Amino acid sequence: MRIGFVATRIAGVDGVSLEILKIAAILRDLGHGSFYLAGELGAFAQPGMEVPAFHFKHPEAVALHDEAFSGPEESRDLYRRIARAAEPLKARLYEFVERYQLDAIITQNAQAIPMQIPLGVALRDFIDETHIPTLAHCHDFYWERDRFIVNRIPDILQTAFPSEGTSTQIMVINTAMQRELYARRKLKATVLPNIFDFETPAPTLDDYSRHVREDLNLAPEDRLILQPTRIIRRKNIERAVELVRLMQDRDALRRYVLVVTGYAGDETDTYYEWLLRQVQINGVEARFIGDRIVEQRAERDGQRLYTLWDVYPHADLISYLSSYEGFGNALLETLYFRKPLVVNAYIPYRSDIKPAGVQAVEIREEVTPDTARAALALLDDPAAVRRMVEHNYQVGLDHFSYHAVMPILQRLLGG
C-alpha cells in the first residue's frame with residue numbers, strides 16, 4: 001500500500017514526530033510505502049509535501065486557536081472563519097493523495113488535540129467526502145488539557161477531534177484514553193502504545209560522544225541526572241531539581257549535576273525563567289543544553305553539537321517526573337539505553353507501563369527524602385541497577401518494540 005502521514009509538524013524530536021518515524025519503519029518492513037504532508041518536514045520525512053499553513057504555529061492557526069479558547073461563548077463568526085481557513089487545507093489534502101496515489105492515510109494527532117483547528121476540520125470533511133481508509137492516531141485528547149476545556153467551538157471539538165466515519169479507525173496510545181473516548185463519544189479505539197526499536201542494540205560511546213562529559217565540564221565520577229524532555233510546565237522539572245538537591249545533600253562527597261536536554265516550547269509561558277530561579281534558589285548544579293542537541297551531529301562556533309543518543313550513555317539516572325504524559329517516549333528510551341529511572345506514577349504509567357512489568361523508583365506527585373534515599377541506594381548497588389535495567393529492557397522488547405505492535409498495524413491495514 002501507499003500510505004500518507006498527515007500532521008501539523010513532522011520534524012525534530014517531539015513525541016509525535018518520533019512515533020511517525022517508527023511506524024514508517026514498520027510499514028517499510030511490511031512492504032508499504034510512506035509519504036508525508038505537514039507544515040514542517042524533517043529530513044527523514046521524505047518524499048512529501050511541506051505546506052506551512054498546516055503548521056500549528058502558522059499565524060492564522062494561532063489566531064483562530066487563541067480566539068477559540070479565550071472564553072465560553074460560542075461564536076458563529078468564528079465557526080465561519082475556521083471553515084474558510086479549512087478549505088485551502090482540504091485542497092492540499094486532495095493534492096497530496098492524488099500526487100502520491102495514496103491508498104490510505106494516517107493522521108498523527110491532527111484529529112486529537114486542537115492546536116491547528118482548521119486542519120482538524122479539513123481532515124474531517126476530506127475523509128467524509130473521499131472515504132479514504134484512515135487511521136487516526138491520537139496521542140492526547142483535548143479534554144486531557146485544562147486549557148482546552150473552556151472554548152467557543154464545542155461543535156467542532158465534538159465532530160473533528162476526533163472525527164468519526166465509516167472509513168476511519170482510531171488508534172490511541174494507552175488504555176485510559178481508550179476507555180475515556182468510549183465513555184465520552186461511544187467511539188471504539190485500538191491501543192497502539194508508543195514503541196521503540198528494541199531489536200536494534202542501543203549505540204554505545206564512540207570517539208565523538210566520548211567528549212560529552214568533558215564538554216559539559218563533568219568528571220567521570222560525577223553523577224549525571226538526565227532530564228531528556230522539553231522544558232514545559234507539565235514535565236515538572238522542578239521535581240528533578242529537588243531530587244538532585246536532596247541527593248547532593250545526602251552525599252556531599254560526590255558531585256550531582258542535572259542535565260536537561262530539551263528546549264523551551266511549544267507551550268509558551270514563563271516556566272523556563274521560573275525553573276532557572278528554582279535551580280539558583282536550591283543551589284543545584286544544572287546544565288540546560290537544548291541548544292546543543294540536534295538531529296545530526298555537527299559543530300557550531302567551534303562547539304560540538306550532540307544528538308540525544310550521544311548523551312544517554314553518560315547518564316547515571318533518568319528523571320521522568322511529569323504530572324501528565326500521553327505515554328512516555330523518554331521512558332521507553334530509558335529502558336532502551338538500560339538506565340535506571342525515577343518516575344512520577346502518571347496515568348499511562350499506572351495503566352499500561354507498570355502493569356507490563358517496568359520497575360522504577362516511583363513518586364506520587366512529590367519528591368521526598370525517601371525518594372532520594374531510594375535513588376541513592378539503587379545507584380550505590382551496581383548489581384541492583386543491572387538487574388533492574390536488564391529486566392526493563394526485556395519488558396520493552398516484549399511489549400513496546402516494533403515486533404510487538406506489528407500485528408496490530410497489519411490488522412488495522414487489512415492484512
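Shown above is the structure to which this text applies.
Residues numbered from 1 in each chain as written. Predicted model: local features only at pLDDT ≥ 70, side-chain atom pairs only at ≥ 80, totals over all residues. Heavy atoms only, no water.

Let's shift gears to the overall build of the protein. Looking only at helices and strands, one finds 15 helices and 15 strands in the protein. In terms of overall dimensions, the protein is globule-like: its C-alpha atoms have a radius of gyration of 22 Å, near the 22 Å expected for 415 residues. Dimensions of the protein, computed from C-alpha atoms along their principal axes, come out at roughly 65 × 50 × 45 Å. In the protein, 73% of the contacts between residues at least 6 apart in sequence involve partners at least 24 apart. When the accessible surface of the protein is split by element, carbon and sulfur atoms take 50% of a total near 17,400 Å². (Helix = DSSP H or I, 4+ residues; strand = E, 2+ residues; numbered from the N terminus. Rg over C-alpha atoms; globule rule 2.2 N^0.38 Å. Contact = heavy atoms within 4.5 Å. Areas by Shrake-Rupley, 256 points an atom, 1.4 Å probe, with all protein chains shown as cover.)

Let us look at the side chain of Gln108. Residue placement: Gln108 occurs in strand S4 (residues 104–108). At 3.1 Å, the side chain of Gln108 and the side chain of His137 are in polar contact. Once residues within four sequence positions are removed from consideration, Gln108 is found in contact with Phe5, Val6, Ala7, Val16, Ile20, Ile23, His137 and His139. (Polar contact = N/O pair within 3.5 Å; in protein donor to acceptor, adjacent residues only side chain to side chain.)

Okay, the pattern of salt bridges next. Applying the stated criterion across every chain yields a total of 32 salt bridges. Where Glu129 meets Lys90, a salt bridge forms, and the shortest distance between an N and an O atom there is 2.6 Å. A residue pair is termed long-range when its members are at least 10 positions apart, and Glu129 in helix H4 (residues 117–130) and Lys90 in helix H3 (residues 76–99) qualify at 39 residues. Taking the relative accessible area as the measure of exposure, Glu129 reaches 42% and is therefore partly exposed. Put simply, Arg373 and Asp370 hold a salt bridge, and the shortest N to O gap is 2.3 Å. (Salt bridge = Lys/Arg side-chain N within 4 Å of Asp/Glu carboxyl O. Buried < 20%, exposed > 50% of the residue type's maximum accessible area, 1.4 Å probe, protein only.)

Turning next to the packing of aromatic side chains. Using the criterion set out here, one finds 22 aromatic pairs in the structure. Here the aromatic rings of Tyr272 and Phe288 are separated by 5.7 Å at their centres, their planes lie at 75°, and the arrangement is edge-to-face. Placement of Tyr272 in helix H9 (residues 271–281) and of Phe288 in strand S10 (residues 285–288) is noted, with a sequence separation of 16 residues between them. Classification of Tyr272 as partly exposed rests on a relative accessible area of 27%. Through pairs of rings, three or more aromatic residues link up here, namely Phe196, Phe198, Trp309, Tyr312, Tyr336, Phe337 and Tyr393. A cation over an aromatic ring shows up here: Lys186 above the ring of Tyr182, its NZ or CZ 5.5 Å from the ring centre. Over the aromatic face of Tyr393 sits the side chain of Arg338, whose NZ or CZ is 3.7 Å from the ring centroid. (Phe/Tyr/Trp six-rings, centres within 6.5 Å; stacked < 30°, edge-to-face > 60°. Lys NZ or Arg CZ within 6 Å of the ring centre and 35° of its normal.)

Quick look at helix H13 (residues 369–379) now. Residues that lie three or four places apart on an α-helix share one face, since the helix turns once every 3.6 residues. Among all positions of H13, only Thr371, Ala372, Ala375, Leu376, Leu378 and Leu379 are buried. Projected down its long axis, H13 carries its buried residues within an arc of 160°, all on one side. (Arc of directions from axis to C-beta.)

A general trend in soluble globular proteins is that nonpolar side chains are found buried together. Ile153, Ile156, Leu331 and Tyr349 are the most contacted members of the largest nonpolar core, which totals 89 residues. No other element matches H3, which puts nine residues into this core. Setting aside its immediate chain neighbours within four residues, Ile156 contacts Tyr79, Ile82, Ile117, Val121 and Phe161. Judged by nonpolar contacts, the second largest core, of 32 residues, contains Val241, Leu258, Val260 and Met388. (Core = buried A, V, L, I, M, F, W, Y, C linked by side-chain atoms within 4.5 Å.)

This part takes up the sheet that holds strand S3 (residues 48–50). Reading across the sheet, the seven strands line up as S3-S2-S1-S4-S5-S6-S7 and stay open at both edges, with parallel pairing between neighbours. Each end of this open sheet is capped by a strand with a single partner; those strands are S3 and strand S7 (189–191). Mean inter-strand twist for the sheet, computed between neighbouring axes without regard to direction, equals 20°. Against the sheet, H3 contacts strand S1 (2–6), strand S2 (33–38), S3 and S4, and its axis sits at roughly 160° relative to S2. (Pairing = 2+ DSSP bridges. Axes fitted to C-alpha atoms, helices over the stretch in contact; angles between N-to-C directions.)

All right, on to H3 then. The end-to-end C-alpha distance of H3, which contains 24 residues, comes to 35 Å, matching closely the 34 Å that a straight helix rising 1.5 Å per residue would cover. In the structure, H3 departs most strongly from a straight axis at Glu87, where the bend amounts to approximately 25° and where the proline Pro88 lies between one and four residues downstream. Looking only at H3, the buried set comprises Leu78, Tyr79, Ile82, Ala85, Ala86, Leu89, Lys90, Leu93, Phe96 and Val97. Gln101 occupies a position one or two residues after H3 and carries a positive phi of about 50°. (Expected span 1.5 Å × (residues − 1). Bend = angle between axes of the 7 residues up to and from the residue.)

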